[in-house]
Amino acid sequence: MLPRCRPRPAVTRLLRSLHSTPICRRELFDPSNVERASDDVDVCIVGAGPAGLSAAIRLKQLEQEKGREIRVVVLEKGAEVGSHILSGAVLEPRGLDELLPDWKSRDDHPLTQPTTSTSMRFFTEKYDFRIPQPPQMAKMGTYVISLSRVTAWLGAIAEEMGVEVYPGFAGAGLVYGQDGRSVLGVRTNEVGLDRQGRMKDSFEPGMEFRARVTLLAEGAHGSLSKEAIRRFKLRDGRDPQTYGLGLKEVWRVDPSKHQPGKVVHTMGWPLDFHTYGGGWVYHMDEGLVTLGFVVGLDYANPYLSPYRELQRMKHHPYFRNLLSGDSSRIAYGARVLNEGGLQSVPKLHFPGGALIGCSAGFLNVAKIKGTHNAMKTGMLAAEAAYDALDSSDDGPVDLSTYEESFKKSWVYDDLYEVRNVRPSFNTGLGLWGGVAYSGIDTLLLKGRTPWTFRNTQGKSDAAHTKRASECKPIEYPPFEAPLSTDILTSVTLTGTNHAEDQPVHLRVRRYLTPGEDVGREGSEREKGLRTEKWTEDVEVRRAHVKTNVGEYAGLLGRGCPAQVYEYVDDEGADTATEPEKAGWQGKRLVINSQNCIHCKFCDVKVPTQDITWTVPEGGGGPKYTIT
Amino acid sequence: MRPSAVRLLNILVPVKRTVDYAVKIRVNPDQKGVDLNVKHSMNPFDEIAVEEAVRLREKLKGEVKSIKVVTIGPPKASETLRTALAMGADSAIHIEVPDSAPAPEPLSVAKALRAVIQKEKDNGGVDLVIMGKQAIDDDAGQTGQMLAGLMDWAQATFASKLVVDPKAKVADVTREIDGGLEEIKCRLPLVLTTDLRLNEPRYASLPNIMKAKKKPIQKLTPADLEVDLTPRLETLKVTEPPKRVGGGKVESVDELITKLKEAGITPVKS
């Protein structure tokens, strides 16, 4: 297959020309010069997660109530609904109760494990003891679930109601109006491009869905959401979003260790008192336990490896005991989550669409629950969209009523109450200041204070990273299989895979007009597709390696929970002219994009902020079923 | 002189819904099977079979009358059929079995396919059956051969190249065998099983998936086909392969010979 594309020595070339079949050379894909299939829908939702599916189901409910038909399409980059869903999780059923009041009577629902007890424990290296927990976490009436399974169940319900759900198709780009000021729909990913971006025999261009309403429900730090926020300046006047990285494993534990419905949250070891984070252990149904931890991505030490932290957390006597006996690990995964709370919620709507769920960022950090808010905002957006589509006005739909209804809803109250909790951890007092303040705020004041802590410096998580020279490398203990294993063994458990010969979806890219004008690329022909100006050339790559290796000890190589990034030795790196081979002082960056589990850590945390996560061919990525 | 009747090809492609090839499988605690609560997709060799049928139509154009896909499986297997329809098949037959039913064995599958082919006689019959050489869950590799035996048809297994001449009712097949490649000429009707190098399956594009929703899927039960799918084999135990033990190093050839002798390997005079 490939030898066609490599330059051949003269002798063979001569022989080739006597051959009867023509040498077929692959052409480079030109995004401005392609015919796309197009389809018209009323609402296009990007992401079949709790928010996206709640919006879809709500739209179909409104269709049944009011009679006006509405065509709803949901695009999902995972191979199946639920494949890319990862969460703790303890679900507050508030959103579900409103969406499907009769859910308990459906006999296939996966919320089979109610929470039976909640507690909080503080860990030191050898010991652990119970500590008081904020009342928001002590709340009962919740369920210990696998969010992947619940989402798959919601997906089946949506399909029954007539929603067109298309797993295996990623929302690759937004279709902009002629003036670049509104969104007219979504374009799916191309398939059949080789690693150099040339069209293979199996090439098919992405399809365009022209939708009057586009709802972005991609989860935390979604790729299209990032683009929409940047281009429509939805963050003006708000704090930047801050994130945490959640890593988890699911174990089948020894029956003697299993306490169904037990919910435990942990603080302290292995994280130091300057690093925000904490762990959890939830006992699920069917003898399974989910455990994991979240680390705030504003961590300062570039030597920190969230994966190694998780593995050494399991060496603690509490976990050793829990996972002893007849136990086996059945899942692993990671995903970034929002921590900015109310202060970081952007403007929620733009001409032609809106952000719902974690794409906007409604996670309640004190409870570490966001699914109920995601579902409710999905429903609110659906109601606003349905009414907005009622008007016969042809122009881009205005969903400002969604933003208004959000401000009046219990989601807003839910977030308002805890808005000062996470920022209180960002003072010099670190963990202690945060615990002290949050203790008072959540137990006594319940957020009824006149002040709101803002991120006045506007510092992103990446900017909080200190230089490696200012920090100490962390000595992680060696792995003790089967309790703790090396990262690649864990990555196989995610079931992640991407078709090999496709462009690397993690782009080392620098935007030329950061957040300013809507630029144009390509030929004069307008297909309603506009892109910004950026470069991915040798200089960007070289600068990336120089800063990341020189100043930050190769942070991505340590931090990525799937070992996608490696800074390897390569003598020819300094003089190489191709971006992929370019490097600095004998080191270059290798991106093993096949391992990617779509967590978005790199996009958030890379100190040079030059990694743009784009969608790979749909159907790839992790195959979570029980996370 | 009267022109010979144009014989149009009817192609049948049996497909199987199996655990996705990228999933890490786990043996169940009861050691009777593997965890099936994971992602399933079409058996990769069957995808190649569907692709080959679609390519035949692209090559032979009007001479291919129909491409029918058939599967035996639980209700969820209809998704596999929809994928095949999106790749280019015309219609599908779903032989539905309950979720709890054990996976059918190759002989049962072959008998069911024979029944389907006999049923299709009213629709013009079947000239060519293209199927995967084996399913990646049981690796049996028997169904194609058994079907050919039951039908008394020609069989060409492990095909890496297929050229069909519908007028002469002959197919040239290149097979992958241990010694290399074997080229055979087969008379239709033919059962062909696909090997990896036959083709690279296309992606089902979204417009095609949307069109596939309108293509017909006929639902049948094993009783409709008068076929008994009860397993004749009983799985006693399923375990993971033993963990790899490290090897040892030897310092000299004499030590190597001693170790070989200890292991019970005796020299043979050449």
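Residues numbered from 1 in each chain as written. Chains lettered and ligands numbered in written order. Predicted model: local features only at pLDDT ≥ 70, side-chain atom pairs only at ≥ 80, totals over all residues. Heavy atoms only, no water.

## Describing the interface of chain B and chain A
Each side of the interface is counted separately: chain B has 20 residues, and chain A has 29 residues. Interface of chain B and chain A: buried area, both sides summed, is about 2,000 Å²; carbon and sulfur atoms make up 63% of it. Across the contact surface, chain B and chain A share one salt bridge. Residue Asp20 of chain B is joined to Lys623 of chain A by a salt bridge in which the shortest nitrogen-to-oxygen separation is 4.0 Å. Taken together, chain B and chain A are joined by three residue pairs in polar contact (both at pLDDT 80 or more). For the side of chain B that touches chain A, the element with the highest residue contribution is helix H5 (residues 206–212) of chain B, accounting for four residues. (Contact = heavy atoms within 4.5 Å. Buried area = accessible area lost by both parts, 1.4 Å probe. Salt bridge = Lys/Arg side-chain N within 4 Å of Asp/Glu carboxyl O. Polar contact = N/O pair within 3.5 Å; in protein donor to acceptor, adjacent residues only side chain to side chain. Helix = DSSP H or I, 4+ residues; strand = E, 2+ residues; numbered from the N terminus.)

## Thoughts on the pattern of salt bridges
Applying the stated criterion across every chain yields a total of 51 salt bridges over all chains. Put simply, Glu383 of chain A and Arg58 of chain A hold a salt bridge, and the shortest N to O gap is 2.7 Å. Note that Glu383 of chain A is positioned in helix H9 (residues 371–390) and Arg58 of chain A in helix H2 (residues 50–66), a separation of 325 residues in sequence. Between Lys133 of chain B and Asp195 of chain B there is a salt bridge, with its nearest N and O atoms 3.1 Å apart. In this pair, Lys133 of chain B is assigned in the loop between strand S6 (128–132) and helix H4 (143–151) and Asp195 of chain B in the loop between strand S10 (190–194) and H5, connecting sequence segments 62 residues apart. Summarising the burial analysis for this pair, Lys133 of chain B and Asp195 of chain B share the class buried. Salt bridges sharing common partners tie together Glu92, Lys139, Lys367 and Asp414 of chain A. (Buried < 20%, exposed > 50% of the residue type's maximum accessible area, 1.4 Å probe, protein only.)

## Focus: helix H14 (residues 538–550) of chain A
All names here are of chain A. Taking 1.5 Å per residue as the helical rise, H14 with its 13 residues ought to reach 18 Å, and the 17 Å between its terminal C-alpha atoms agrees with that figure. Those residues of H14 that sit buried are Val538, Val540, Arg541, Arg542, His544, Val545 and Asn548. By the N-cap criterion, in which a side-chain oxygen at the helix start approaches the backbone nitrogen of a residue two or three places on, H14 is capped by Asp537, the distance to Glu539 being 3.1 Å. (Expected span 1.5 Å × (residues − 1).)

## Description of the state of the cysteines
Taken as a whole and assessed by the stated rule, the structure comprises zero disulfides over all chains. In this model Cys599 of chain A remains outside any disulfide bridge; the closest cysteine sulfur is found in Cys560 of chain A, 5.8 Å from its own. (Disulfide = S-S within 2.5 Å.)

## A word on the domain arrangement of chain A
All names here are of chain A. Parsing chain A into structural domains produces domain 1 (40–108 + 145–239 + 340–418) and domain 2 (419–454). Placing the centre of domain 1 and that of domain 2 at their C-alpha centroids yields a distance of 31 Å. Contact with domain 1, which involves 11 residues of that partner, is made by 12 residues of domain 2. Here domain 1 and domain 2 share an interface that buries about 900 Å² over both sides, 50% of which is from carbon and sulfur atoms. Joining domain 1 to domain 2, the criterion identifies zero salt bridges. On the surface where domain 1 and domain 2 come into contact, there are six residue pairs in polar contact (both at pLDDT 80 or more). Classifying every residue of the side of domain 1 that touches domain 2 by side-chain character gives six nonpolar, two polar and three charged. (Domains from an automatic or database assignment. Nonpolar A, V, L, I, M, F, W, Y, C, P; charged D, E, K, R; others polar.)

## Overview of empty space enclosed by the protein
Enumeration over the complete set of coordinates arrives at six cavities of 30 Å³ or more. Here the largest cavity is characterised by a volume of approximately 820 Å³. Leu86, Gly219, Ala220, Arg335 and Cys358 of chain A are the residues nearest the centre of the largest cavity, which is lined by 47 residues in total. Within the residue set of the lining of the largest cavity, elements represented by two or more residues are H2, strand S2 (72–76), strand S15 (277–283), strand S17 (328–338) and H9 of chain A. Here the lining of the largest cavity gets four residues from one element, more than from any other, and that element is S17 of chain A. In terms of residue class, the lining of the largest cavity is built from 26 nonpolar, 15 polar and six charged. Around the second largest cavity, the lining comprises 16 residues; the ones closest to its centre are Ile330, Leu493, Lys623 and Thr625 of chain A together with Arg26 of chain B. Residue contributions to the lining of the second largest cavity peak at three residues, all from S17 of chain A. For the lining of the second largest cavity, the per-class residue count stands at eight nonpolar, four polar and four charged. (1 Å grid on protein atoms, 1.4 Å probe; cavity = no way out; pocket = protein on both sides within 12 Å on 5 of 7 lines; lining within 4 Å. Points joined across faces, edges and corners; volume = space filled by probe spheres on them.)

## What to know about the UniProt feature "domain: Electron transfer flavoprotein alpha/beta-subunit N-terminal" (unreviewed entry) in chain B
When the UniProt feature table is mapped onto this chain numbering, "domain: Electron transfer flavoprotein alpha/beta-subunit N-terminal" (unreviewed entry) sits at residues 32–229 of chain B. Segment residues 32–229 of chain B splits into 29% helix and 31% strand. End C-alpha atoms: 19 Å apart. (UniProt positions renumbered as here; feature names shortened; annotations may be inferred.)

## Some remarks on the environment of Asp30 of chain B
Mapped onto the elements, Asp30 of chain B comes out in the loop between strand S2 (17–19) and strand S3 (40–42). Sequence separation between Asp30 of chain B and Leu85 of chain B is 55 residues, and the spatial gap between their C-alpha atoms is 37 Å.

## Section: a nonpolar patch on the surface
On the surface, Ile440, Leu443, Leu444, Leu445 and Trp451 of chain A cluster together into a nonpolar patch covering about 490 Å² of accessible area. Take Leu444 of chain A: its relative accessible area is 62%, and that puts it in the exposed class. (Patch = residues over 30% accessible without salt bridge, like charges linked within 9 Å, V, L, I, M, F, W, Y side chains within 5 Å. Areas by Shrake-Rupley, 256 points an atom, 1.4 Å probe, with all protein chains shown as cover.)

## Notes on the environment of Val70 of chain B
Residues and elements named next belong to chain B. Along the chain, Val70 falls in strand S4 (residues 64–73). C-alpha of Val70 to C-alpha of Gly33: the two residues are 37 residues apart in sequence and 25 Å apart in space. Excluding anything up to four places from it in sequence, Val70 contacts Leu12, Val13, Pro14, Val15, Leu81, Ile93, Ile95, Leu113 and Val116.

## Regarding the packing of aromatic side chains
Residue and element names in this part refer to chain A. Counted by the stated rule, this structure contains 17 aromatic pairs over all chains. Taking the centre distance of 6.2 Å and the plane angle of 15° together, the rings of Tyr412 and Tyr416 count as stacked. Note that Tyr412 and Tyr416 are positioned in helix H11 (residues 410–417) at a spacing of four residues, about one turn of the helix. According to the relative accessible area criterion, Tyr412 is partly exposed, its value standing at 25%. Judged by centre distance (5.1 Å) and plane angle (50°), the rings of Tyr437 and Phe453 are tilted. A residue pair is termed long-range when its members are at least 10 positions apart, and Tyr437 in helix H12 (residues 430–445) and Phe453 in the loop between H12 and helix H13 (487–493) qualify at 16 residues. According to the relative accessible area criterion, Phe453 is partly exposed, its value standing at 29%. Cluster of aromatic residues (ring-pair linked, three or more members): Phe362, Phe406, Tyr412 and Tyr416. The ring of Tyr276 carries Arg422 above its face, with NZ or CZ at 3.8 Å from the centroid. Over the ring of Trp613 we find Lys600; its NZ or CZ atom is 4.4 Å from the centre of that ring. (Phe/Tyr/Trp six-rings, centres within 6.5 Å; stacked < 30°, edge-to-face > 60°. Lys NZ or Arg CZ within 6 Å of the ring centre and 35° of its normal.)

## Here's the deal with unusual backbone geometry
Here the bond from Trp269 of chain A into Pro270 of chain A is cis, since omega is 10°, no more than 30 degrees from zero. With respect to the element layout, Pro270 of chain A can be found in the loop between strand S14 (262–268) and S15. Cis geometry marks the peptide bond from Ala481 of chain A to Pro482 of chain A, where omega comes out at 0°. Here Pro482 of chain A is to be found in the loop between H12 and H13. Positive phi is not limited to glycine here, since His221 of chain A has a value of about 55°. By the element assignment, His221 of chain A lies in the loop between strand S12 (208–216) and helix H6 (223–231). Residue class for His221 of chain A comes out buried when judged on its relative accessible area of 14%. Phi is positive for Phe158 of chain B, close to 55°, though the residue is something other than glycine.

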